[in-house]
Amino acid sequence: RDPRHGPARLGRARVRAAVGDRQGARADYQALVEQDGVYSPRALDGMGVLSRVEGRAEEAVTLHRRALEKSPAFVEARVNLGVALLDLGRDEEARKELDEP
């Protein structure tokens, strides 16, 4: 119930996304981004996944890159970035991202 509880809000966002409540998921992710805490990179990545699923791959790329700026070792965000780049037909750029250690 505490909107500042990052793990709970992140979990709720993921459940909302899984059951198709993209608007609710996006609201939870956005709240975490605004808090700019340790869950911000995960929230940005989650928003990127939602954007890609909704057919906005360019927006997804931007969100995944923002997640990686905050947490360069965030492997899931790097993979999601690669997938979004593939959706855009930017295969070489995707390969470079996916080859990052």
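See above for the structure.
In this text the structure is predicted, and so the values were computed from the model without any measurement. (Residues numbered from 1 in each chain as written. Predicted model: local features only at pLDDT ≥ 70, side-chain atom pairs only at ≥ 80, totals over all residues. Heavy atoms only, no water.)

What should I look at first to understand the overall build of the protein in this one?
Across its full length, the protein holds six helices and zero strands. Mapped in sequence order, the helices and strands of the protein form the string α-α-α-α-α-α. By the compact-globule yardstick of 13 Å for 101 residues, the protein fits well, its C-alpha radius of gyration being 13 Å. Projecting the C-alpha coordinates of the protein onto the three principal axes gives extents of approximately 45 × 25 × 15 Å. For the protein, the residues scored as buried account for 38% of the 101 residues in total. For the protein, the proportion of contacts with a sequence separation of at least 24, taken over those separated by at least 6, is 40%. Carbon and sulfur atoms form 51% of the exposed surface of the protein, whose accessible area is close to 5900 Å². Mean positive and mean negative side-chain charge positions of the protein (18 and 18 charges, respectively) differ by 5 Å. (Helix = DSSP H or I, 4+ residues; strand = E, 2+ residues; numbered from the N terminus. Rg over C-alpha atoms; globule rule 2.2 N^0.38 Å. Buried < 20%, exposed > 50% of the residue type's maximum accessible area, 1.4 Å probe, protein only. Contact = heavy atoms within 4.5 Å. Areas by Shrake-Rupley, 256 points an atom, 1.4 Å probe, with all protein chains shown as cover. Lys, Arg positive; Asp, Glu negative; His and termini not counted. Charge placed at Lys NZ, Arg CZ, Asp CG, Glu CD.)

What is the right way to read a nonpolar patch on the surface from this model?
On the surface, V75, V79, L86 and L98 cluster together into a nonpolar patch covering about 330 Å² of accessible area. Per-element tally for the nonpolar patch: the top contributor is helix α5 (residues 75–87), with three residues. Owing to a relative accessible area of 42%, L86 belongs among the partly exposed residues under this scheme. (Patch = residues over 30% accessible without salt bridge, like charges linked within 9 Å, V, L, I, M, F, W, Y side chains within 5 Å. Salt bridge = Lys/Arg side-chain N within 4 Å of Asp/Glu carboxyl O.)

Help me out: how do you make sense of the packing of helix α1 (residues 6–18) against helix α2 (residues 22–35) in this one?
For any two helices packed against each other, the geometry is given by the interaxial angle and the distance between the axes. At their nearest, the axes of α1 and α2 sit 7 Å apart, and the two run at 155° to each other. Considering their axes alone, α1 and α2 lie roughly antiparallel with respect to each other. Every pair of crossing elements has a handedness; the one defined by α1 and α2 is left-handed. Residue-level contacts link G6, R9, L10, R12, A13, R14, R16 and A17 of α1 to R22, G24, A25, D28, Y29, A31 and L32 of α2. (Axes fitted to C-alpha atoms, helices over the stretch in contact; angles between N-to-C directions. Parallel < 35°, antiparallel > 145°, perpendicular 65-115°, else oblique. Left-handed = near helix turned anticlockwise from the far one by under 90°.)

What's the story with the pattern of salt bridges in this structure? I'm lost.
Pairing is possible between side chains that carry opposite charge, provided their charged atoms lie close to one another. Under the definition given, this model contains 17 salt bridges. For D28, the salt bridge is made with R16, and the minimal N-O distance between the two is 3.1 Å. Of the two residues, D28 sits in helix α2 while R16 sits in helix α1, which places them 12 residues apart along the sequence. Residue R16 is classed as partly exposed on the basis of its relative accessible area, which comes to 26%. A salt bridge links R26 to E54; its shortest N-O distance comes to 2.9 Å.

Taken by themselves, the reported measurements are silent on function.
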